[in-house]
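# A structural walkthrough
What follows is the residue order along each chain.
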Amino acid sequence: MRKVIIDTDVGSDDAVAILMALLDDSVDVLAITTVSGNVPVEQATANCLQTIEVAGKNVPVYAGADRPLVRQPVHAMNVHGKDGMGDMNLIHPVTAPVPGIHACDAILDLVRKNPWEIELITLGPVTNIALAIMKEPETMGLLKSIWSMSTAGFGPGNTTPVAEFNVYADAEAYKVMMNCGVPIYIGGADLYEGDAAWTQEDMDALLDTGNPVAKFAVECNAALAKYNLLHCQKSIVTLPDAVTMAGFLWEDVRKLVSCMAYVCVSEPATYGQVIFYAGQVLADMSGFDAKPYGFAEPNCSVIADFDGKLYKQRLAGLLVRHQ
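Report on the accompanying structure. Bear in mind the structure is a predicted one, so any value in this text is a computation, not a measurement.

### Some points on the overall build of the protein
A count of helical and extended segments in the protein gives 13 helices and 11 strands. Over its C-alpha atoms, taken along the principal directions, the protein stretches across nearly 60 × 45 × 35 Å. Taking all 323 residues of the protein together, 54% fall into the buried category. Long-range contacts, defined here as pairs at least 24 residues apart, represent 82% of the contacts in the protein between residues at least 6 apart. Roughly 13300 Å² of accessible area belongs to the protein as shown, and the carbon and sulfur atoms make up 53% of that amount. Charge separation in the protein, taken as the distance between the mean sites of 21 positive and 38 negative side-chain charges, equals 2 Å.

Below you can see the structure in the form of structure tokens.
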């Protein structure tokens, strides 16, 4: 069974991804850590606890960073609702996070106890991960891998023209993570539309099952559905975190490409952009030892192709399998 830690800024798409991990029989979720991102960390923690309760599981939750490493917090309540979960009055957890232990320290403790076994899945800004790396780089080097929903992939940004939200919220932290030496796998914001998006028919079918887990997954995305209808003129729900979780869970839904990644943190117009170089021949390769513009060696694998139809079938199966 795969040992997993999930680090997340729980909004509505994070909740679906968390449900996937909790309900998949091949995964043992050792802990979930929370971070400021979609919503402030206190709300993310409450959302996380509620999601675990809906799944009928018992997983320790550790609250983490309430702000980025060096900049002011940014949130996405305009997309996911004021509570990050659709403003549907769904969030009433009866459990609480583990007191007195920061997410960073919880991650380090679990990695020490499980060297080379833990796969870390990041669904939000990676502030907690950067703090852990800066505190104990040798310990974090004992991770088996990191799977991250982040970057624009090979497409445009969703927060600025070039930057995706999770990186934009703390690009300095993301740069620390990308240089940590652990195998990193990335699902970008270019994957979650098209066949991978929930249509109104998909959501109606899940609601018609009467399953409380499926109902929660649909209802917590109500604000996101309204946002997409208003701004994109599409009655869809896009679930980037669930798509990346699917890439982690099911090898046959994705194709990976080895890349060199460069994280932009200096220029305001490109802050949070991650430039991927997959080894293609460029017009000007001179002067860079055939490794252009500061790239050295491949430091990640990026999901370049994704089977949205197969993913949605399996996601629906997971959500309705548990009562």
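### Overview of the pattern of salt bridges
Here the structure, examined in full by the defined rule, presents 11 salt bridges. Notably, a salt bridge pairs K135 with D105, separated by 2.5 Å at the nearest N-O pair. On the criterion of sequence distance, the pair formed by K135 in helix α5 (residues 127-135) and D105 in helix α4 (residues 103-113) is long-range, its members being 30 residues apart. Taking the shortest distance from any N to any O, the salt bridge between R112 and E136 comes out at 2.8 Å. Of this pair, R112 sits in helix α4 while E136 is found in the loop between α5 and α6 (137-140), placing the two residues 24 residues apart along the sequence. Via salt bridges that share partners, D109, R112, K113 and E136 belong to a single interconnected network.

### Some points on the sheet that holds strand β9 (residues 254-263)
Note on sheets: strands pair through backbone hydrogen bonds, and any given pair is parallel or antiparallel. Pairing is mixed across the open sheet formed by nine strands, whose spatial order is β3-β2-β1-β4-β5-β6-β11-β9-β10. With partners counted over all chains shown, the strands left at the sheet margins are β3 (61-63) and β10 (274-277), one partner each. The mean angle between the axes of side-by-side strands here comes to 30°, regardless of whether they run parallel or antiparallel. Pairing between strand β4 (residues 118-122) and strand β5 (residues 145-149): four bridges, direction parallel. Across the sheet, residue T122 finds its bridge partner in β5, namely S148. Strands β1 (2-8), β2 (27-34), β3 and β4 of the sheet are contacted by α4, whose axis makes an angle of about 155° with β2.

### Here's the deal with the side chain of S150
Turning to its location among the elements, S150 is positioned in the loop between β5 and α7 (165-168). A polar contact of 2.7 Å, which involves the side chain of S150, links it to the side chain of S148. When near neighbours in sequence (up to four residues on either side) are disregarded, S150 contacts E164, V167, Y174, I186, G187 and G188.

### So, the environment of P115
The residue P115 is located in the loop between α4 and β4 in this model. Take P115: its relative accessible area is 34%, and that puts it in the partly exposed class. The sequence separation of P115 and A196 amounts to 81 residues, and the corresponding C-alpha distance is 34 Å.

### Digging into the pairing of β2
Walk down a regular strand and you will see the side chains alternate between the two sheet faces. For β2, the buried fraction is high: seven of the eight residues fall into the buried class. When β1 meets β2, the two strands line up parallel, connected through seven bridges. When the bridges of β2 are listed, I5 appears paired with A31. A crossover links β1 with its parallel partner β2, the connecting element being helix α1 (residues 12-23), and its sense is right-handed. Bridge count between β2 and β3: three bridges; the pairing is parallel. Paired with I32 across the two strands is V61, which belongs to β3. Crossover connection from β2 via helix α2 (residues 41-55) to parallel β3: handedness right-handed.

### Some points on the packing of aromatic side chains
By the definition in use, this model includes five aromatic pairs. When the centroid spacing of 5.8 Å and the interplanar angle of 75° are considered together, the rings of W147 and F248 count as edge-to-face. Linking W147 in strand β5 with F248 in helix α12 (residues 240-249), this pair joins segments that are 101 residues apart in sequence. Given a relative accessible area of 4%, W147 falls into the buried group. An angle of 55° between the planes, with centres 5.7 Å apart, marks the rings of F154 and F276 as tilted. One end of the pair, F154, is in the loop between β5 and α7; the other, F276, is in strand β10, with 122 residues separating them in the sequence. With a relative accessible area of 12%, F276 lands in the buried category. Aromatic rings pair up to connect W147, Y185 and F248 into one cluster. Its end group placed over the ring of F248, R2 keeps NZ or CZ at 3.7 Å from the ring centre. When the ring centre of Y168 is taken as origin, the NZ or CZ atom of R71, which lies over that ring, is 4.7 Å away.

Calculation criteria
- Residues numbered from 1 in each chain as written.
- Predicted model: local features only at pLDDT ≥ 70, side-chain atom pairs only at ≥ 80, totals over all residues.
- Heavy atoms only, no water.
- Helix = DSSP H or I, 4+ residues; strand = E, 2+ residues; numbered from the N terminus.
- Buried < 20%, exposed > 50% of the residue type's maximum accessible area, 1.4 Å probe, protein only.
- Contact = heavy atoms within 4.5 Å.
- Areas by Shrake-Rupley, 256 points an atom, 1.4 Å probe, with all protein chains shown as cover.
- Lys, Arg positive; Asp, Glu negative; His and termini not counted.
- Charge placed at Lys NZ, Arg CZ, Asp CG, Glu CD.
- Salt bridge = Lys/Arg side-chain N within 4 Å of Asp/Glu carboxyl O.
- Pairing = 2+ DSSP bridges.
- Axes fitted to C-alpha atoms, helices over the stretch in contact; angles between N-to-C directions.
- Polar contact = N/O pair within 3.5 Å; in protein donor to acceptor, adjacent residues only side chain to side chain.
- Right-handed = clockwise from strand over helix to strand, strands pointing away.
- Phe/Tyr/Trp six-rings, centres within 6.5 Å; stacked < 30°, edge-to-face > 60°.
- Lys NZ or Arg CZ within 6 Å of the ring centre and 35° of its normal.

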